[in-house]
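Below, each chain spelled out in residue letters.
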Amino acid sequence: MMGGYGDVKLLNDDGTRLDGRTVDEMRPVEIKAGILPAAQGSAWVKHGLNVAVVAVYGPMEAHPRKIQRQDRAVLDVRYNMAPFSTSDRIRPGFNRRSREISKVTAEALESVVLLERYPRSKIRVEIEILAAEAGTRCVGITAASVALADAGIPMRDMVVGIASGKIQDTVVLDLDKAEDNYGQADLPMGICPNTGELVFLQMDGDLSIEEYNLATEYNYKAAAEIHEIMVAALKERYDGGEA
Amino acid sequence: MAAPVPSLLRQELERLAESDQRIDGRGRWDRREVQLEVDILYNAEGSAKVTWGDTVVYAGVKFELRTPWPDRPTQGSLMCGAELRPVAHRKYEPGPPSPQSIELGRVVDRGIRESGCIDMEALCIVPGEKVWGVMIDIHVLSDGGNIFDACGLAAIAALRTAVVPAERFDVGEDHVLAVKGTPVMASFQRVGGRFVYDPSEDEETGGEERIHITLGNEEHLHSLQKGLKGAFTPAEFAEILEVARTHCGELRELVSSMEGN
């Protein structure tokens, strides 16, 4: 069970949420591509109050040589939270949480990047969370996809990170901080909007199969909306917003 | 985007210096365009983003309650740290803090601390028991050269927007952090034999020693640092100090303009 604070009120009497959203409404999302001059590709994503910035470097020579793969590139993904990104300052450096998120994010992106195009090389994806308000791993995945596209790295599809969850026995899209802290379940997914495939999946809490299905439906709906914003950001970067 | 061969870059910088030119077309004492945004990050009690040419830097301020040092029971504390994470440039590798990032954080820290812009006594809540610790963390996201000046500017701008979160710690009402003065850094690097202001990444790669000067509101010196191999004369220092006065004054006005006062 998440949180375990079942008696915290998270829904208004009219069924809306504390921030006024309906159950299937996501927080506002803004995306910019190509915002870091030193990187090959980069992206800035603001999702609710979350802010993630991603830089992509490479393909470059993979070293040390023992990490090289003869038939494909390796993706070197790091997810990191800035010390000032959370309510209480966090000490700089990796911890168990950031290592796990780095690993599953890398595996999500490996599922779409055409790694076989770059044997023996390395592509670095650096995810920096500057402000955290629940859902940063999803925002990081979305931002990483835009940054990889901005770097011109060929991909089968982009990946959209989005989560639904459960609060007060009600399935809702895109948990905010209070809902994440005091809710009953969280279901983050990495969705490929064109193929409809899933390349990232985690869950914790308590969901019935019906609730899982509804949460998944919400995630797919939101992924289509976020995908449009991702594409618009890349178009803005490369042809001044002309379709 | 690939890094130029250092020896060829150095030759080119020397050739340009003969006719007093710079690789990006600037004059010797010209600054790149600087943009400053403040109070932009949720969760940070003060924040700033500096875009300085191709350099992008964020700074965030956090507060924590701590017990004072035994020899300074009525004083809070200030800590300023910088991270050169691999996000900022392909030349940075993951790992523990590098000597470079420690130097960067400490030079910025000294400029702010020694200017006296933060009244440490005002950070005391209960003498001998409870004081505020102010933590400024600087995050370099894109290293396009001269990260020192960008980090110094981001740090003081973030500090000047900081709100002490007293309510969250149950020690009174939230209030604006009192900051008296705006210390500003100006950095110079020897490129092609002579000093230039605000070195670009290419100039840093192909340059020699660098000098960082932090000036306070009264144009007093608050931190100096010479980095990398090289030797300079007092006359050279006198010349760049004059340039520093002009640029620090302009940037101080930029910081003040952000606060609407």
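Structure report, in brief. Since we're looking at a predicted model, the values are computed, not measured. (Residues numbered from 1 in each chain as written. Chains lettered and ligands numbered in written order. Predicted model: local features only at pLDDT ≥ 70, side-chain atom pairs only at ≥ 80, totals over all residues. Heavy atoms only, no water.)

### A look at the sheet that holds strand S4 (residues 74-81) of chain A
Residues and elements named next belong to chain A.
Then, in step 1: With mixed pairing, the five strands of this open sheet are ordered in space as S1-S2-S3-S5-S4. A single partner strand is all that each edge strand has here, and the edge strands are strand S1 (29-33) and S4. Across the sheet, the axes of successive neighbouring strands diverge by a mean angle of 15°, strand direction being ignored.
Then, in step 2: Two strands pair when backbone bridges link them, and S4 and strand S5 (residues 121-131) are joined in this way by eight bridges, in the parallel orientation. Bridging from a neighbouring strand, valine 74 pairs with lysine 122 of S5. (Pairing = 2+ DSSP bridges. Helix = DSSP H or I, 4+ residues; strand = E, 2+ residues; numbered from the N terminus. Axes fitted to C-alpha atoms, helices over the stretch in contact; angles between N-to-C directions.)

### Some thoughts on the side chain of arginine 26 of chain B
Residues and elements named next belong to chain B.
Then, in step 1: Structurally, the position occupied by arginine 26 is in the loop between helix H1 (6-18) and strand S1 (34-38).
Then, in step 2: At 3.0 Å, the side chain of arginine 26 forms a polar contact with the side chain of aspartate 24.
Then, in step 3: Only 3.0 Å separates the side chain of arginine 26 from the backbone oxygen of aspartate 30, close enough to count as a polar contact.
Then, in step 4: Sequence-distant contacts of arginine 26, defined by excluding residues within four places in its chain, comprise Arg31, Arg32, Tyr197, Asp198, Pro199, Ser200 and Glu203. (Polar contact = N/O pair within 3.5 Å; in protein donor to acceptor, adjacent residues only side chain to side chain. Contact = heavy atoms within 4.5 Å.)

### Some words on the pattern of salt bridges
Then, in step 1: As enumerated under the stated definition, the model contains 38 salt bridges over all chains in all.
Then, in step 2: Of the charged contacts, one joins arginine 124 of chain A and glutamate 126 of chain A as a salt bridge, the two residues approaching to 3.1 Å between their closest N and O atoms. One exposure class covers both arginine 124 of chain A and glutamate 126 of chain A, and it is buried.
Then, in step 3: The salt bridge involving arginine 26 of chain B is made with aspartate 24 of chain B; its shortest N-O contact spans 3.0 Å.
Then, in step 4: Take arginine 26 of chain B: its relative accessible area is 11%, and that puts it in the buried class.
Then, in step 5: Members of the salt-bridge network, linked through shared partners, are Arg17, Asp19, Arg21, Arg27, Glu133, Asp174 and Glu179 of chain A. (Salt bridge = Lys/Arg side-chain N within 4 Å of Asp/Glu carboxyl O. Buried < 20%, exposed > 50% of the residue type's maximum accessible area, 1.4 Å probe, protein only.)

### A few points about the environment of arginine 106 of chain B
Then, in step 1: Turning to its location among the elements, arginine 106 of chain B is positioned in helix H2 (residues 99-115).
Then, in step 2: Taking the C-alpha atoms as reference, arginine 106 of chain B lies 8.3 Å from alanine 82 of chain B; in sequence the two are 24 residues apart.

### Details of the packing of aromatic side chains
Residues and elements named next belong to chain B.
Then, in step 1: Across all of its chains, the model carries six aromatic pairs over all chains by this definition.
Then, in step 2: Ring geometry for phenylalanine 195 and phenylalanine 232: centres 6.4 Å apart, planes at 80°, overall edge-to-face. Remark: phenylalanine 232 occurs in the loop between strand S12 (221-227) and helix H5 (234-258) and phenylalanine 195 occurs in strand S10 (residues 194-197); sequence separation between them is 37 residues.
Then, in step 3: Given a relative accessible area of 2%, phenylalanine 195 falls into the buried group.
Then, in step 4: According to the relative accessible area criterion, phenylalanine 232 is partly exposed, its value standing at 34%.
Then, in step 5: Aromatic pair phenylalanine 232 and phenylalanine 237: ring centres 6.4 Å apart, planes at 35°, arrangement tilted.
Then, in step 6: Taking relative accessible area as the criterion, phenylalanine 237 reaches 18% and is therefore assigned buried. (Phe/Tyr/Trp six-rings, centres within 6.5 Å; stacked < 30°, edge-to-face > 60°.)

### Points about H5 of chain B
Then, in step 1: Taking 1.5 Å per residue as the helical rise, H5 of chain B with its 25 residues ought to reach 36 Å, and the 36 Å between its terminal C-alpha atoms agrees with that figure.
Then, in step 2: Listed as buried for H5 of chain B are Phe237, Ile240, Val243, Ala244, His247, Cys248, Leu251, Arg252 and Val255 of chain B. (Expected span 1.5 Å × (residues − 1).)

### Considering the nonpolar core
Then, in step 1: One finds Leu104, Val108, Ile136, Ile138, Leu159, Leu177 and Phe188 of chain B to be the most contacted residues of the largest nonpolar core, which totals 61 residues.
Then, in step 2: Here this core gets eleven residues from one element, more than from any other, and that element is helix H3 (residues 147-160) of chain B.
Then, in step 3: One finds Val54, Ala106, Leu115 and Met155 of chain A within the second-largest nonpolar core, a separate group that totals 57 residues. (Core = buried A, V, L, I, M, F, W, Y, C linked by side-chain atoms within 4.5 Å.)

### Here we look at the sheet that holds strand S9 (residues 184-191) of chain B
Residues and elements named next belong to chain B.
Then, in step 1: Taken in spatial order, the four strands line up as S10-S9-S11-S12 in an open sheet, and their pairing is antiparallel. Of all the strands in the sheet, just S10 and S12 have a single pairing partner and so form its edges. Direction aside, the axes of adjacent strands within the sheet are offset by 20° on average.
Then, in step 2: Where strand S11 (residues 210-215) and S12 come together, six bridges link them in antiparallel fashion. Each bridged residue has a counterpart across the sheet, and for leucine 215 the counterpart in S12 is leucine 221.
Then, in step 3: In the packing of H5 onto the sheet, the strands contacted are S9, S10, S11 and S12, and the crossing angle to S11 comes to about 50°.

### Re the interface of chain B and chain A
Then, in step 1: In this assembly, 29 residues from chain B lie in contact with 34 residues from chain A.
Then, in step 2: Each partner contributes to the roughly 2800 Å² buried at the junction of chain B and chain A, and carbon and sulfur atoms together form 58% of this total.
Then, in step 3: Between the two partners, chain B and chain A, sit three salt bridges.
Then, in step 4: Residue aspartate 88 of chain A pairs with arginine 168 of chain B through a salt bridge whose shortest N-O separation is 3.4 Å.
Then, in step 5: One can count 17 residue pairs in polar contact (both at pLDDT 80 or more) joining chain B with chain A.
Then, in step 6: Of all the secondary-structure elements, those providing two or more residues to the side of chain B that touches chain A are strand S3 (55-66), strand S4 (77-83) and strand S6 (130-142) of chain B.
Then, in step 7: A breakdown of the residues in the side of chain B that touches chain A according to their chemical character gives 15 nonpolar, five polar and nine charged. (Buried area = accessible area lost by both parts, 1.4 Å probe. Nonpolar A, V, L, I, M, F, W, Y, C, P; charged D, E, K, R; others polar.)

### Things to note about a nonpolar patch on the surface
Then, in step 1: Together, Leu198, Leu201 and Tyr212 of chain A give the surface a local cluster of nonpolar side chains, amounting to about 250 Å² of exposed area.
Then, in step 2: Residue placement: leucine 201 of chain A occurs in strand S9 (residues 198-201). (Patch = residues over 30% accessible without salt bridge, like charges linked within 9 Å, V, L, I, M, F, W, Y side chains within 5 Å. Areas by Shrake-Rupley, 256 points an atom, 1.4 Å probe, with all protein chains shown as cover.)

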